[in-house]
Every structure is written in structure tokens, then in C-alpha cells.
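So the chains spell out like this:
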Amino acid sequence: MSHDDHTHAPPPPQPGEPLDGGHGGHGADRRLEAAHNPPPPGAQDSHDRVVPPPTPNHGRSRGEALRGGDGILRPISESEYFAQTPEAEAIVSSHIDEYFNQPLDIFPFWESESKPDRFHVLFSRQIEERFPVDRDIRSRIHAYGRRVFRALIVHVSVKRITQAGALAAFAALAILGPGWFSQWTGTEQMGLALAAGAMLATFGMFWALQAILFIQYRFQLENDSYELSREVVQRTRELQNLFTSARAMADQAETQFQMDGKGWGRRAMYLTRLTMWIGARMEYLEKHVQMELWRVRRERYWMRWAQRIMTPLVLIVGLVVLALEPAPETGEAGFRGLQILAAVLGLAVSWLSYFRWRTPVAAVQDKLGVDGWVRYASLDVDNAVADQVRRDKERLVEYRALTRGR
């Protein structure tokens, strides 16, 4: 491209400037004024970025610029989807255009030269910009994924703490237990027996505590999954109802526009675009769920590797502390027996701490109940739109056959 091409290119509209280049009267709707659409935190615009030209209007209404002061398209009320006023169609069309007329940012301008962002960061931003109307349900899905991750961190941290506490208790009972209990019982043999019994009791307490904590952890995970599933089912059913209504209204409008073919055509065009856009909302809602659950699975994978390192590390530290304690001059055989028992119980606790009470692999998958959701595939968007075109062509041919010869 030559220098002259840059010189004569029309400048992009500034925030607050009317799209038609006019000055706008005092009675103009403030919602129809363009507003700056800021990037999310940490994705600020670079100073040397070349601003792309605005998306061509393609003859659509000024509703493309219906944004609030924060640059986000305002929410749509259900009554506006099928309202026949130009203002309502402009509001809904602005959301539709946000998906169909927004080019993907191939080279994200907020990335540095050293390291590109993770793909889920880019993908999440694209969904956020294209479908602001579903921000509420996406925020709940994101919060669910973060709750699952935080619960996992708490669960494995408690397991490591209780593992370390059990190993410390075994070491203390092996080293100091015989002396404590001998003072109470008066005999060394009873002190050794009570110390060994206290170790076994500590092991039982560890088992019971872990079982109770795991039940609470799993119960909370199930409740969160059921709650999210209920909200997603409600939203997907609402989208399915809107999709079905939009399909039917294109044919029902024939009675209203019997003598106005252009009016019926414009209305049918809007309803067809609405049908396709509702299908796209359903599709990207599924993709957002898939992305968030992918993050949860990846975080669980790396958390498991962290525990593969931490569990034997805690065990080694406990065994080293136990082994470095010198045996007393009297009762060495009993002390060595307690050391061996403490080491065996420590190995058992560490093995159980890692392999038992683990997060079930299919816990989220089973409790979310995805099979009960209304899925994008069930809308059958391509056949729905194609069937509408088929009916229109059949109606046109039948009309020509009826009117031929008049």
C-alpha cells in the first residue's frame, strides 16, 4: 500500500461521534452514540498500533453503536427480541452485528514481543466482545471453575498438612511417648505399649479426619455442579425458545404484510439473522464451558504432579527426623521397635494421603449433567434456515403457478 493510500484513508470515528458524520441534535438517543470499548485489564492498547478501519455498515441501522459508557453493549430485554419498532430492532441488531461483523484479532495488540498469551486468554476475550449479552452466565461458569480449583488447592493442602501432622505425632510418640506413659504407669513395658497404642489411635484419627473432609469436599463440589447445571439448563432452554419463536415468526408475518412484500422481506431478514445469532450464542456458550473445564482439567493435572513431589518430600523429612534421634541407653530394643512402627505407619499415611481421597476424575462430568442441557447441535441451525428458504421458494413457485394465465 502506498503512502497516498494512508493519506486519503478516512479516519476512524472517535468515541462519542455520530456514525453518520452529523452533529446530532439535543433529542438524539444517547444509546446510539459510539463509546470507547476498552480492553480487559492487562491488555492495554499500544501507542504505535495502527487503528483498523471501521467495519462497513452494509446498510444496517445505527444500532451498531448502542453501547454504554464502559463500551459494552447494553443488555437486551426479552420483549425487544420480537418487537417491531425500529429502535428495538436496532438494539438487537447491534448485538447480532457484534458477532457477524467483527473480524478476529489475528495479532492481538496487547501481547508483548517476548511471550504470546495462552490461547484461552485470547479466546475468552473474543467471546466477551462478540457476545456481551451472555456475560452473566459466562461469569457464573468462570466462577464455578475457579471454585473447583480453589477447593482442590484447599483439599490437597489439608492432606499434606495432616500427613505432616501425623508423621510428627508418630515421631513424638516414638521418641517421647515411652517416657510420658512410663511416668503414669510406673513400668517401661506399659509405657512402650501405650505409646504404640497411641500411634495406632493417631492413625485412626488421621483416617477419620480425612474421610470427613473428603465427604465435605465432594459434597460441596456436587452442590456447585448441580447449581451451575441448573443455571445453564435454564439459559439454554430460554435460547431454544427464542430460536423456535424466531423460526416461526418469519412465516406468521405473512398475514401482517399481505400487501407489503418489502416490509415482509425486511422482517424476515431480521428474524433469519436473529435465528442464526441465537444459534451462535448457544454454540459459544458451549465453547466457553469447554474452555473453562479444560482449564480445570489442566490445573488438576499439574496439581497432581505437585503432590507427587510434595508427598514423598514430607515423608522423607519425617523419616529423617525419626532416624536421626539416638536410642536411649536403656530400652534400646523397645525404642527401635517404636521407630519401626512409626516408619511403617508414616509410609501408610503417606500412601493413603496420595492415593486415597482423591478428587474423582469424572466428578464434574457426572454431576454437571451435560446430557440434560439443550445443546447447539439439537437446534439444527443449518437445516432450520435451509428449510425456511425451501418453504419460501415453494410458496413463490405456487404463487406463480396460480397467477399464470391471468
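Residues numbered from 1 in each chain as written. Predicted model: local features only at pLDDT ≥ 70, side-chain atom pairs only at ≥ 80, totals over all residues. Heavy atoms only, no water.

Draft legend 1. Broad picture of the overall build of the chain. Along the chain, the regular secondary structure elements total 12 helices and zero strands. Of the regular secondary structure in the chain, the N- to C-terminal order runs α-α-α-α-α-α-α-α-α-α-α-α. In the chain, buried positions account for 37% of the 406 residues. Once local pairs closer than 6 in sequence are excluded, the contacts in the chain between residues at least 24 apart make up 81%. (Helix = DSSP H or I, 4+ residues; strand = E, 2+ residues; numbered from the N terminus. Buried < 20%, exposed > 50% of the residue type's maximum accessible area, 1.4 Å probe, protein only. Contact = heavy atoms within 4.5 Å.)

Draft legend 2. Structural view of the nonpolar core. Counting residues in each nonpolar core, the largest one holds 28 residues, and the members touching the most others are Tyr81, Phe82, Val92, Leu274, Trp277 and Ile278. Ranked by the residues each element gives to this core, the list is headed by helix H8 (residues 261-324), at nine residues. For tryptophan 277, the residues in contact, after removing those within four places along its chain, are Ile76, Tyr81, His95, Ile96, Tyr99, Phe100, Phe131 and Val133. Residues Leu152, Phe170, Leu352 and Trp357 belong to the second largest nonpolar core, which totals 26 residues. (Core = buried A, V, L, I, M, F, W, Y, C linked by side-chain atoms within 4.5 Å.)

Draft legend 3. Spatial organisation of the environment of tyrosine 226. If you trace the backbone, tyrosine 226 turns up in helix H7 (residues 188-252). Its relative accessible area of 46% is what places tyrosine 226 among the partly exposed residues. A C-alpha to C-alpha distance of 6.3 Å links tyrosine 226 and lysine 367, two positions 141 residues apart in sequence.

Draft legend 4. Examining the environment of threonine 311 more closely. Structurally, threonine 311 is set in helix H8. Here threonine 311 falls in the buried class, since its relative accessible area comes to 6%. Sequence-wise, threonine 311 and arginine 160 are 151 residues apart; in three dimensions their C-alpha atoms are separated by 6.9 Å. Those residues in contact with threonine 311 that sit more than four places away from it in its chain are Arg160, Gln163, Ser350 and Tyr354.

Draft legend 5. Representation of the pattern of salt bridges. Applying the stated criterion to the full structure yields 24 salt bridges. In this structure, glutamate 299 and arginine 146 form a salt bridge, with 2.8 Å as the shortest nitrogen-oxygen distance. One end of the pair, glutamate 299, is in helix H8; the other, arginine 146, is in helix H5 (residues 135-175), and 153 residues separate them in sequence. The two residues glutamate 299 and arginine 146 agree in class, both being buried. What emerges from the salt-bridge pattern is a single network uniting Asp134, Asp136, Arg140, Glu231, Arg235, Glu238 and Arg281. (Salt bridge = Lys/Arg side-chain N within 4 Å of Asp/Glu carboxyl O.)

Draft legend 6. Up close: a nonpolar patch on the surface. Taken together, the side chains of Met310, Leu313, Val317 and Val321 make up a nonpolar region of the molecular surface, amounting to roughly 330 Å² of accessible area. Inspection of the secondary structure assignment puts leucine 313 in helix H8. Given the relative accessible area of 44%, leucine 313 is considered partly exposed. (Patch = residues over 30% accessible without salt bridge, like charges linked within 9 Å, V, L, I, M, F, W, Y side chains within 5 Å. Areas by Shrake-Rupley, 256 points an atom, 1.4 Å probe, with all protein chains shown as cover.)

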